[in-house]
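Coordinate analysis (summary)
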Amino acid sequence: MPEVSSEAGAGAGGRRAAPTATPKAKAPSRVRMSAAQRREQLIATGRQLFAERGFDATSIEEVAARAKVSKPVVYEHFGGKEGLYAVVVDREVRALLDRITTALTAGHPRELLEQAALALLGYIEEETSGFRVLVRESPLMSGTANFSSVMNDVAHQVEHILGAEFKSRGYDPKLAELYSQALVGMVALTGRWWLEVRKPRKETVAAHLVNLAWNGLSHLEAKPTLITARRH
């Protein structure tokens, strides 16, 4: 029944005002996601949870709850937690490797080391959740790549660069593999430390890494700076 105003009284000619209906409030419309959009949402949700809790402590129930979907939706897209984890890790591996390899543009070995260090530290600063996923232990029997595999790929690229440099300087090029692992390992471990402390700023950290790698302990600069910074 439509509501009638209690103040409706006699108008002109003694007629009563016509009854007025109270408008119904519209229910908020829900925006439906496409399959591709839902998949991206679940990947982003899984990435955050794996970063916060790790693989073992994260459940499909938590992923579904945070994404506000039912568990079958997650299974439909990824087949299970392992499938979601594999997609998240694969994306981070490719993102980090692309960032580092794209940064290696200089011809001078010292500048290449600067670029690699800054690329890794920049990734840690801008993609913290992704880096946390990579440095956590992978589940047993997992065939997914991880942080170590990324660093091995980078070390192989550095090895080729060092091999050519060693040969031109009369050093044994066979030692390039050893030195590339040492250099990349130093940068990688420092990156994991900097993930938590975030001090000093990344440019300063990179400068000190290069200072040690390039000058050695016996010839450390007191206040090292990056070559690229000196040019600006």
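Source: prediction; values computed, not measured.

Rules of the game
Residues numbered from 1 in each chain as written. Predicted model: local features only at pLDDT ≥ 70, side-chain atom pairs only at ≥ 80, totals over all residues. Heavy atoms only, no water. Axes fitted to C-alpha atoms, helices over the stretch in contact; angles between N-to-C directions. Helix = DSSP H or I, 4+ residues; strand = E, 2+ residues; numbered from the N terminus. Parallel < 35°, antiparallel > 145°, perpendicular 65-115°, else oblique. Contact = heavy atoms within 4.5 Å. Nonpolar A, V, L, I, M, F, W, Y, C, P; charged D, E, K, R; others polar. Buried < 20%, exposed > 50% of the residue type's maximum accessible area, 1.4 Å probe, protein only. Phe/Tyr/Trp six-rings, centres within 6.5 Å; stacked < 30°, edge-to-face > 60°. Lys NZ or Arg CZ within 6 Å of the ring centre and 35° of its normal. UniProt positions renumbered as here; feature names shortened; annotations may be inferred. Expected span 1.5 Å × (residues − 1). Core = buried A, V, L, I, M, F, W, Y, C linked by side-chain atoms within 4.5 Å.

1. Concerning the packing of helix H5 (residues 109-126) against helix H6 (residues 128-135)
- H6 packs onto H5 with a crossing angle of 110° between their chain directions and a minimal axis gap of 5 Å. Judged by the inter-axis angle, H5 sits roughly perpendicular to H6. Seen from H5, the contacting residues are Leu120, Tyr123, Ile124, Glu125 and Glu126; seen from H6, they are Thr128, Gly130, Phe131 and Leu134.
- Among the residues forming the contact of H5 with H6, the class breakdown is five nonpolar, two polar and two charged.

2. Some points on unusual backbone geometry
- The omega angle of the peptide bond from lysine 199 to proline 200 is -5°, so this bond is cis rather than trans.
- By the secondary structure assignment, proline 200 is in the loop between helix H8 (176-197) and helix H9 (202-215).
- In this model, arginine 198 sits at a positive phi of 55°, which is unusual for a non-glycine residue.
- The exposure class of arginine 198 is partly exposed, given its relative accessible area of 30%.

3. What to know about the packing of aromatic side chains
- Per the stated rule, a full pass over the model turns up seven aromatic pairs.
- Each ring, one from phenylalanine 50 and one from phenylalanine 55, has its centre 6.1 Å from the other, and the planes form 25°; the classification is stacked.
- In textbook terms, an aromatic cluster arises when at least three aromatic residues are bridged by ring pairs, as seen for Phe50, Phe55 and Tyr85.
- For the cation-ring pair, lysine 81 lies above phenylalanine 55, with the distance from its terminal atom to the ring centre recorded as 4.3 Å.
- Taking NZ or CZ as reference, arginine 198 lies 5.4 Å from the ring centre of tryptophan 194, over its face.

4. Comments concerning the UniProt feature "DNA-binding region" (unreviewed entry) in the chain
- Per the UniProt record, "DNA-binding region" (unreviewed entry) is found at residues 59-78.
- Helix and strand shares over residues 59-78 are 80% and 0% respectively, and the end C-alpha atoms of the span are 13 Å apart.

5. Some points on H5
- Under the 1.5 Å per step criterion, the end-to-end length of H5 is 26 Å for 18 residues, consistent within 8% with the ideal 26 Å.
- Of all the 18 residues making up H5, 15 are buried; the element is thus mostly covered by neighbouring parts of the structure.

6. Side note on the nonpolar core
- Residues Val74, Leu96, Phe131, Phe147, Met151 and Val154 are the most contacted members of the largest nonpolar core, which totals 56 residues.
- By residue number, the principal contributor to this core is H5, which donates nine residues.
- Filtering out sequence-adjacent residues up to four positions away, valine 74 remains in contact with Leu42, Ile60, Val63, Ala64, Val69 and Gly79.

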